[in-house]
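Listed below are the residues making up each chain.
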Amino acid sequence: MEVTERTTVAVIGLGYIGLPTAAVLATHGADVIGVDVNEKVVDAVNRGEVPFVEPDLSISVAGAVQQGRLRAETKTPEADVYIVAVPTPFAEGHLADLTFVDAAADGLAERLQGDELVILESTSPPGTTQHMADRILALRPDLSLDGSLGRSIIHFAHCPERVLPGRIMIELITNDRIVGGLTRMAAEKAKSVYESFCQGEIMITDAITAEMAKLVENSYRDVNIAFANELSLISAKLGIDVWELIDLANHHPRVNILQPGPGVGGHCIAVDPWFIVSAVPEEARLIRMAREVNDSTPEHVIGRVVAMAARFKEPRIAALGLAFKPEIDDLRESPACRIVARLAEELPGAQIAAVEPHVTALPRELAGLDNVVLADFEAAVLAADIVVLLVDHAVFKAADKRRLGLREKVVIDTRGAWRWL
Ligand code: SAJ
């Protein structure tokens, strides 16, 4: 299935993955229609604008819209290829909520005529591509996976996204991709769609292996961060500097321990491993334990700060960083936000100056608290009794420690950014 300007691709879900994918496909030759239930997003895209921050995305969307190769709608149109990139959040009990996948499937089912390719990109529990196909074929008994009984074929594949926020426009082009088909023909067709823009290797497998590959990649990182976070607790008990310990161990040619921190944030690594655990709870013991270790890490930071705060009557605390990782403005699922919110609750007499250079207002969970303010970095540190470093933003790392008087303050550095203070 060679992608030409006559190939219509409908990208369903214009979020962090769908919109960049739509823009890249459009600038590499396809006729692309983005679909989103949110009219504001649709209107923004049709004006050539991007409703969130991602380097180089704006220029790509603006160009594609101007050339007439990308437009957006709220209703699913007829297309040759459908790419589903909708959210798969948590439901109760760490199960995946497939409501958005199901809604996308229902919306496109009525448009199918036969021989279309449907690609699921959303991170999904094992079996979701099959689930989506079953749902669509139940709505459309005149269609089939294999052409049996003279029915037209619909091709289904899973192609998980693996791009890193902040580098999406680069990694979409350069990363290798995994394409898993419910049939070999579906995988081959999906491969040729990604070949239109992807310079990495495109590997073919079945749909469930592709689904698991994505979950396993993020679980691998989660397990390794949990190992580092556990080493941090062990080192504190033994009076060892965990950063030095990891540094030394990593000189071994086959050891590469990740960095401890205040917990794991974002919407991928803290979520995806649960999709494996809920599919095979008996077997996925280590994966579950890693999630539990990383989820409990913020509590240890809170405990340390609360213990130190007992030394002061009305402690002034500078909490440095709210984002879930350095150099981004994304505060969702951020352990730093969770820590600041809980400190405000545990220490009602404390004044907490939260510093986040990448935002202009406190997030909703902190905005209503009367002992938390959004503050300037240097002013917050100079006034503080206790400084808690939660995100290793470059501006914090580069700070003049002497001028800020850090040696005279209680410093809790959860990222090892000021190790040589
Ligand atoms: N973290 C640590 N210690 C480390 C590394 C990370 O505590 O040594 C923390 C970060 O501070 C952050 C969290 O882990 O809170 C996650 O950050 P990250 O940079 O590891 O990953 P994400 O969530 O931004 O993106 C991941 C990537 N997956 C992998 O690297 C295996 C990305 O390639 C995926 O596309 C993305 O998840 C996704 O969408 O699934």
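Owing to the predicted nature of the structure, the values given are computational and were not obtained by experimental measurement.

Participant: How would you explain the sheet that holds strand 14 (residues 386-389) if you had to name every residue and give the values?
Facilitator: Strand order in the open sheet formed by five strands is 13-12-11-14-15, with parallel pairing between adjacent strands. Two strands close off the open sheet at either side, each with one partner strand: strand 13 (372-374) and strand 15 (410-413). For this sheet the average axis-to-axis angle between neighbouring strands, irrespective of direction, equals 20°. Sheet strands touched by helix 11 (residues 285-309): strand 11 (316-320), strand 14 and strand 15. Its angle to strand 14, the strand with the most contacts, is close to 170°.

Participant: Describe the sheet that holds strand 9 (residues 177-181), and please don't skip the residues or the numbers.
Facilitator: The strand order 3-2-1-4-5-8-9-10 describes an open sheet built from eight strands, whose pairing is mixed. The open sheet has two edge strands with one neighbour each: strand 3 (70-73) and strand 10 (202-206). Taken over all neighbouring pairs, the strand axes of this sheet differ in orientation by 25° on average, direction set aside. By the bridge criterion, four bridges tie strand 2 (residues 31-35) to strand 3 in an arrangement that is parallel. Bridged to Ile 33 within strand 3 is Arg 71. In the packing of helix 5 (residues 128-139) onto the sheet, contacts are made with strand 4 (81-84), strand 5 (117-120) and strand 8 (155-158), and the angle to strand 8 comes to roughly 155°.

Participant: Report on helix 12 (residues 335-346), specifying residues and quantitative values.
Facilitator: Compared with the 16 Å implied by 1.5 Å per residue over twelve residues, the 16 Å span of helix 12 between its first and last C-alpha is a close match. Listing the buried residues of helix 12 in full gives Pro 335, Ala 336, Cys 337, Ile 339, Val 340, Leu 343 and Ala 344. Those residues of helix 12 hidden inside the fold are in contact with helix 11, strand 11, strand 12 (351-355), helix 13 (364-367) and strand 13. Sitting at the head of helix 12, Ser 334 places a side-chain oxygen 3.2 Å from the backbone nitrogen of Ala 336.

Participant: Explain the layout of surface pockets residue by residue, including any values.
Facilitator: As a volume, the largest pocket reaches approximately 1,200 Å³. Top contributing element to the lining of the largest pocket by residue count: helix 4 (residues 99-109), with four residues. A per-class count over the lining of the largest pocket returns 22 nonpolar, ten polar and seven charged. Summarising the domain contributions, the lining of the largest pocket has at least three residues from each of domain 1 (8-200) and domain 2 (219-413). For the second largest pocket, the calculated volume is near 800 Å³. The wall of the second largest pocket is formed by 29 residues, among which Leu 164, Arg 221, Ile 225, Ile 269 and Lys 325 lie closest to the centre. Examining the composition of the lining of the second largest pocket, we find that six residues originate from one element, helix 8 (residues 207-238), more than from any other. Split by residue class, the lining of the second largest pocket holds eleven nonpolar, nine polar and nine charged. A domain-level breakdown of the lining of the second largest pocket finds at least three residues from each of domain 1 (8-200) and domain 2 (219-413).

Participant: Describe the pattern of salt bridges, and please don't skip the residues or the numbers.
Facilitator: Enumeration over the complete set of coordinates arrives at 21 salt bridges. The residue Asp 241 makes a salt bridge to Arg 419 at a minimum N-O spacing of 3.4 Å. Linking Asp 241 in the loop between helix 8 and helix 9 (242-249) with Arg 419 in the segment after strand 15, this pair joins segments that are 178 residues apart in sequence. By relative accessible area, which is 22% here, Arg 419 ends up partly exposed.

Conventions used here
Residues numbered from 1 in each chain as written. Predicted model: local features only at pLDDT ≥ 70, side-chain atom pairs only at ≥ 80, totals over all residues. Heavy atoms only, no water. Pairing = 2+ DSSP bridges. Helix = DSSP H or I, 4+ residues; strand = E, 2+ residues; numbered from the N terminus. Axes fitted to C-alpha atoms, helices over the stretch in contact; angles between N-to-C directions. Contact = heavy atoms within 4.5 Å. Expected span 1.5 Å × (residues − 1). Buried < 20%, exposed > 50% of the residue type's maximum accessible area, 1.4 Å probe, protein only. Polar contact = N/O pair within 3.5 Å; in protein donor to acceptor, adjacent residues only side chain to side chain. 1 Å grid on protein atoms, 1.4 Å probe; cavity = no way out; pocket = protein on both sides within 12 Å on 5 of 7 lines; lining within 4 Å. Points joined across faces, edges and corners; volume = space filled by probe spheres on them. Nonpolar A, V, L, I, M, F, W, Y, C, P; charged D, E, K, R; others polar. Domains from an automatic or database assignment. Salt bridge = Lys/Arg side-chain N within 4 Å of Asp/Glu carboxyl O.

Functional significance is not addressed by these values, which are geometric in nature.
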